[in-house]
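Structure assessment
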Amino acid sequence: MCNHQEEGLKNPYENEYLLRDGQKLIVRNPKIGDAQGLIDHMKAVDGETKFLAREPGEFSFTLEQEREFIKSSINNENIFFLVGEIDGKIIANCSVGIVMNNKRYLHRAAIGIAVRKDYWHRGIGKRMMEECIKWCREKGVEQLELEVVTQNNRAISMYKSFGFQIQGTKKHALKYGDGSYADEYLMILFLNDTNGN
């Protein structure tokens, strides 16, 4: 099993939480050895909800591609990539990163989170969001942005609890295999000014 030192990865991050149901959640940077577990996780979550970006079966990274993605993400100071692990199994992932490396965009970051359906309603998404907001504050990010399907009430409620505000609606942002559409909200958390002024 590889460790971070062998992989040449800098400053690996790890934190532990006790969940409401008594299980221990480990939130950490992924290791290159997590590549297969992340592939399995992404393929699973794509089939569990209509609120993510892909249709089931569209995630197509090979093991080598996933390893390279993990390595490049961990070594990129403008990206914070985390997995959530319970009993040695990856059950969640999230990443937050600077929108664009041009100076005019360095104040903005975007986030995405995916949690396995069997682990919903346990506070895992909330813990991972807290980690990402902390990273943003440390990086001097002024606004954290995300897009969420307008029908995803559970996620919207969590985002609002952190202070995210709906800034607009993207009509027909997603088109499903059956020909139906879903709209998305753009939500922003203003980290320096809660009013977004």
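Our structure's up above, just so we're on the same page.
Residues numbered from 1 in each chain as written. Predicted model: local features only at pLDDT ≥ 70, side-chain atom pairs only at ≥ 80, totals over all residues. Heavy atoms only, no water.

Pairing of strand β7 (residues 165–175) with strand β8 (residues 181–190) involves 7 bridges; the strand directions are antiparallel. Each bridged residue has a counterpart across the sheet, and for K175 the counterpart in β8 is Y181. Joining the antiparallel neighbours β7 and β8 is a turn of 5 residues, in which G179 adopts a positive phi near 90°. (Pairing = 2+ DSSP bridges. Helix = DSSP H or I, 4+ residues; strand = E, 2+ residues; numbered from the N terminus.)

The next point concerns helix α4 (residues 124–139). The end-to-end C-alpha distance of α4, which contains 16 residues, comes to 23 Å, matching closely the 22 Å that a straight helix rising 1.5 Å per residue would cover. Buried within α4 are the following residues: I124, G125, M128, M129, E131, C132, I133, W135 and C136. Of the residues trailing α4, G140 is marked for its positive phi of about 80°. (Expected span 1.5 Å × (residues − 1). Buried < 20%, exposed > 50% of the residue type's maximum accessible area, 1.4 Å probe, protein only.)

Structurally, I26 is set in strand β2 (residues 24–28). Overall, I26 belongs to the buried group, its relative accessible area being 15%. Once the C-alpha coordinates of I26 and Y176 are considered, the two residues, 150 residues apart in sequence, prove to be 34 Å apart. Here I26 is in contact with E14, N15, E16, V83, G84 and E85, once residues within four sequence places are set aside. (Contact = heavy atoms within 4.5 Å.)

This part takes up the sheet that holds β2. Judged by pairing direction, the sheet is mixed, and its 8 strands sit side by side in the order β1-β2-β3-β4-β5-β6-β8-β7 without closing on themselves. Strand pairing shows two members of the sheet lacking a second neighbour, β1 (14–18) and β7, which therefore form its edges. Averaged over all pairs of adjacent strands, the angle between their axes in this sheet comes to 20°, without regard to strand direction. Strand direction decides the pairing type here: strand β3 (residues 79–86) and strand β4 (residues 89–98), joined by 8 bridges, are antiparallel. By the bridge assignment for β4, V83 is matched with N93. (Axes fitted to C-alpha atoms, helices over the stretch in contact; angles between N-to-C directions.)

Judged by nonpolar contacts, the single largest core of 37 residues is most densely connected at V96, I124, M129, L144 and Y159. The element that contributes the greatest number of residues to this core is α4, accounting for 7 residues. When sequence neighbours within four positions are dropped, the list of residues in contact with Y159 reads M129, L146, V148, F164 and M187. I32, L38, I74 and V83 belong to the second largest nonpolar core, which has 8 residues in total. (Core = buried A, V, L, I, M, F, W, Y, C linked by side-chain atoms within 4.5 Å.)

To continue, consider the packing of helix α2 (residues 35–46) against helix α3 (residues 63–74). It is the contact of α2 with α3, at a shortest axis distance of 9 Å, that shows an interaxial angle of 105°. When the interaxial angle is binned, α2 and α3 end up roughly perpendicular. Counting all contacts with α2, which are made through A35, Q36, L38 and I39, the residues of α3 involved are L63, E66, R67 and I70. Residues belonging to the contact of α2 with α3 are distributed by class as follows: 5 nonpolar, 1 polar and 2 charged. (Parallel < 35°, antiparallel > 145°, perpendicular 65-115°, else oblique. Nonpolar A, V, L, I, M, F, W, Y, C, P; charged D, E, K, R; others polar.)

Turning to the pattern of salt bridges, a few remarks are in order. Applying the stated rule across the entire model yields 11 salt bridges. Put simply, D21 and R122 hold a salt bridge, and the shortest N to O gap is 3.1 Å. Of the two residues, D21 is situated in the loop between β1 and β2 and R122 in the loop between β5 (108–115) and α4; the sequence distance between them amounts to 101 residues. Taking the shortest distance from any N to any O, the salt bridge between E85 and R28 comes out at 2.8 Å. Of this pair, E85 sits in strand β3 while R28 sits in strand β2, and the two are 57 residues apart along the sequence. Of the residues examined, E85 reaches a relative accessible area of 14% and is grouped as buried. When salt bridges that share partners are traced, they join R28, D34 and E85 into one network. (Salt bridge = Lys/Arg side-chain N within 4 Å of Asp/Glu carboxyl O.)

With that settled, the discussion passes to α3. The end-to-end C-alpha separation of α3 is 17 Å, in line with the 16 Å expected for 12 residues at 1.5 Å each. Regarding α3, the residues found buried are E66, I70, S73 and I74. Down the axis of α3, the buried set is contained in an arc of 95°. They therefore lie on one face. Its buried side turned inward, α3 meets α2 and β3. (Arc of directions from axis to C-beta.)

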